[in-house]
Amino acid sequence: MTSSLHLRGIRPMGGATADLLVRDGRIAAIGAQVAAPPGVESIDGGGALLLPGLVEAHTHLDKNLIGMGWYRNDVGPRLIDKIDNERRQKKLLGIDPARQSGRQVALSLAKGSTHIRSHVDVDADMGLAGIEGVMATRERFRDSCDIQIVAFPQSGILVHRGARELMEQAMRLGADAVGGLDPCAIDRDPKGHLDVVFGLAERFGKGVDIHLHEPGEMGGFSMELIIERARALGMGGKVVISHAFCLGMDDRDYVARLVELLAEAKVAIMTHGAPYRPVPSVAQLARAGVVVCCGSDGIRDTWGPYGNADMLERAMILGLRNNFRRDDEVELALEVVTGGGAKAMGLARYGIGVGDDADLVLVDAEAPAEAVAARPPRRLVVKRGRVVVTDGVPSVTAP
Ligand SMILES: [Zn+2]
């Protein structure tokens, strides 16, 4: 469903005051004075800052605990502790992927995200229930937010019974990308893991988005293998490596070489500015021309209590983690949660230009960097020309 709309007195990216006209869901005109055609609703922006819709490029919609009461976390320290605990808690607590993903999307929308990429667990316990639940949410919010689903083998592929077949079924059901997870550290067979992941991507003609938590040289080795596959299959622009903590390792010469390889192969990096691990340098990646996107990762779940799905806040965390202080640096963090996400997710017609989809956010801020630093309430969120959030309240309710 698309719509026509007129916004007057807005400042795109903090620039000069302008008017903007939306026709059939796309930006038809922007300028100092664009008149509202008869019959088209006109909204006064009051000089507010206009941003493109925020892009949540990495989260886990299927397993948050929003609205389920406080979860007391006493989980062990290892990655595998968290993975095993979560599989248990899903049953014990009754984490319904459809209900929980709906709640998180409503929250994201209220915070101005108009696009979401969600990894969704595929394992022997859940089967495809997570994928089906998030698909139901995607349908529910169809006119408010675009959702991409990554089939995510959270418990591994080779070490987890039936995971390979389930991943294939998830792709057949309509997942948008093939996920993966620590080819060395979890599956202990990088070649076998990547054979499955890229094999599915090739067969179904979809992109790849791999969680890579592996540190240092082990992570670098996995990264090289992923880059080799991306090149060999001509998948430039369709592969994302999420977290990539190895790019935060001390061997800066090796990191520089990996960054070069990423740029050449057009493989994107997702970083969410983890405060607890070495992280990729956003500025280094951007300088090299590597697409960088960002996401909340899991919020309010059995892994950790934090997160509110606000991508402006996430840009601030990225800024803090990367020591961004100057306006141009903070603007780079903002670019990561907008244009960078759009590129990584392969979104066509994203931006605030004539012809782009009218996915827009209006906030009270003087400058883009202030929007990141102050995270003002989202006055208005527009999806394909329709107002979907007014004063922070979405028009579609959460289940
Ligand atoms: Zn994740």
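Above this note sits the structure.
How each quantity is defined
- Residues numbered from 1 in each chain as written.
- Predicted model: local features only at pLDDT ≥ 70, side-chain atom pairs only at ≥ 80, totals over all residues.
- Heavy atoms only, no water.
- Axes fitted to C-alpha atoms, helices over the stretch in contact; angles between N-to-C directions.
- Helix = DSSP H or I, 4+ residues; strand = E, 2+ residues; numbered from the N terminus.
- Parallel < 35°, antiparallel > 145°, perpendicular 65-115°, else oblique.
- Left-handed = near helix turned anticlockwise from the far one by under 90°.
- Contact = heavy atoms within 4.5 Å.
- Nonpolar A, V, L, I, M, F, W, Y, C, P; charged D, E, K, R; others polar.
- Salt bridge = Lys/Arg side-chain N within 4 Å of Asp/Glu carboxyl O.
- Buried < 20%, exposed > 50% of the residue type's maximum accessible area, 1.4 Å probe, protein only.
- Donors = N, O, S within 2.8 Å, 3.2 Å for Na, K, Ca; no water.
- Pairing = 2+ DSSP bridges.
- Right-handed = clockwise from strand over helix to strand, strands pointing away.
- Polar contact = N/O pair within 3.5 Å; in protein donor to acceptor, adjacent residues only side chain to side chain.
- Disulfide = S-S within 2.5 Å.

A. Region of interest: the packing of helix α6 (residues 216–232) against helix α7 (residues 252–265). Contact geometry for α6 and α7: axes closest at 10 Å, N-to-C directions at 20 degrees. Relative to α7, the element α6 is oriented roughly parallel. Every pair of crossing elements has a handedness; the one defined by α6 and α7 is left-handed. Here α6 contributes E217, G220, F221, M223, E224, I227 and R231 to the contact with α7, which in turn contributes Y254, L258, L261, L262, E264 and A265. Taken together, the residues that form the contact of α6 with α7 break down as eight nonpolar, one polar and four charged.

B. Inspection of the pattern of salt bridges at higher detail. As enumerated under the stated definition, the model contains 26 salt bridges in all. Across the pair K63 and D121 runs a salt bridge, and its minimum N-O distance is 2.9 Å. Note that K63 is positioned in the loop between β5 (54–59) and α1 (79–94) and D121 in strand β6 (residues 113–121), a separation of 58 residues in sequence. When its relative accessible area of 2% is taken as the criterion, K63 is described as buried. You can call D121 buried: its relative accessible area is 1%. Close ionic contact of R142 with E139 constitutes a salt bridge, the shortest N to O distance being 3.0 Å. Exposure remark for R142: the relative accessible area of 47% places this residue in the partly exposed category. Salt bridges linked by common partners bring D84, R87, K91, D125 and R161 together as one network.

C. Local environment of the packing of helix α4 (residues 163–173) against helix α5 (residues 190–204). Running from N to C, α4 and α5 point in directions that differ by 25 degrees, and their axes come no closer than 11 Å. Regarding the angle of α4 to α5, the classification is roughly parallel. Note on packing geometry: the crossing formed by α4 with α5 is right-handed. Between α4, through R164, M167, E168, M171 and R172, and α5, the contact on the second element is made entirely by V196, L200, R203 and F204. Tallied by class, residues from the contact of α4 with α5 come to five nonpolar, no polar and four charged.

D. Region of interest: the coordination of the zinc ion. Note on the zinc ion: its protein donors are H58 (NE2), H60 (NE2), H211 (NE2) and D297 (OD). The metal-donor distances range over 2.1 to 2.2 Å. Between consecutive donor residues of the zinc ion, the sequence gaps follow H-x1-H-x150-H-x85-D. Of this pair, H58 sits in strand β5 while D297 sits in the loop between β12 (292–293) and α9 (311–321), placing them 239 residues apart in sequence.

E. The pairing of strand β7 (residues 146–152), seen in detail. Judged by how many residues are buried, β7 sits mostly within the fold: six of seven residues are covered. Of the pairings in the sheet, the one linking β6 to β7 comprises seven bridges and is parallel in character. Pairing of R117 across the sheet is with Q148, part of β7. The parallel pair β6 and β7, bridged by helix α3 (residues 129–140), forms a crossover whose chirality is right-handed. The β-α-β motif built from β7, the intervening α4 and the parallel element strand β8 (residues 177–181) has right-handed crossover chirality.

F. How the structure looks around the side chain of N322. If you trace the backbone, N322 turns up in the loop between α9 and α10 (327–344). Since its relative accessible area comes to 16%, N322 is described here as buried. Looking at N322, its side chain comes within polar contact range of the main-chain nitrogen of V282, at 3.0 Å. Beyond its immediate sequence surroundings of up to four residues, N322 is in contact with P280, S281 and V282.

G. Region of interest: the sheet that holds β8. Read from one edge of the open sheet, eight strands run β5-β6-β7-β8-β9-β10-β11-β12, paired in parallel fashion. Each edge of the sheet is formed by a strand with only one pairing partner; in this case those strands are β5 and β12. In this structure, β7 lies alongside β8, joined through two bridges in parallel fashion. Residue V150 lies in a different strand from β8, and its bridge partner there is A177. Here α3 sits on the sheet and contacts β6 and β7; the angle it forms with β7, its principal contact strand, is near 175 degrees.

H. Layout of the state of the cysteines. Taken as a whole, this structure holds zero disulfides when the rule is applied. In this structure C184 is a free cysteine whose sulfur lies 11 Å from that of C246, the closest cysteine sulfur available. Unpaired in terms of disulfides, C293 finds its nearest cysteine sulfur in C294, a separation of 7.6 Å. For C293, a relative accessible area of 1% corresponds to the buried category.

I. Looking closely at unusual backbone geometry. With phi around 45 degrees, A244 is a residue other than glycine that occupies positive phi space. With respect to the helices and strands, A244 occurs in the loop between β10 (239–243) and α7. A positive phi angle, close to 45 degrees, is found at R300, a residue other than glycine. Residue position: R300 is located in the loop between β12 and α9. With a relative accessible area of 30%, R300 lands in the partly exposed category.

J. Spotlight on the sheet that holds strand β1 (residues 5–12). Pairing within the open sheet is mixed, and its eight strands lie in the order β3-β2-β1-β4-β13-β14-β15-β16. What marks the edges here is a single partner per strand, and that holds for β3 (26–31) and β16 (393–394). Two strands pair when backbone bridges link them, and β1 and strand β4 (residues 42–52) are joined in this way by six bridges, in the parallel orientation. Pairing of H6 across the sheet is with S42, part of β4.

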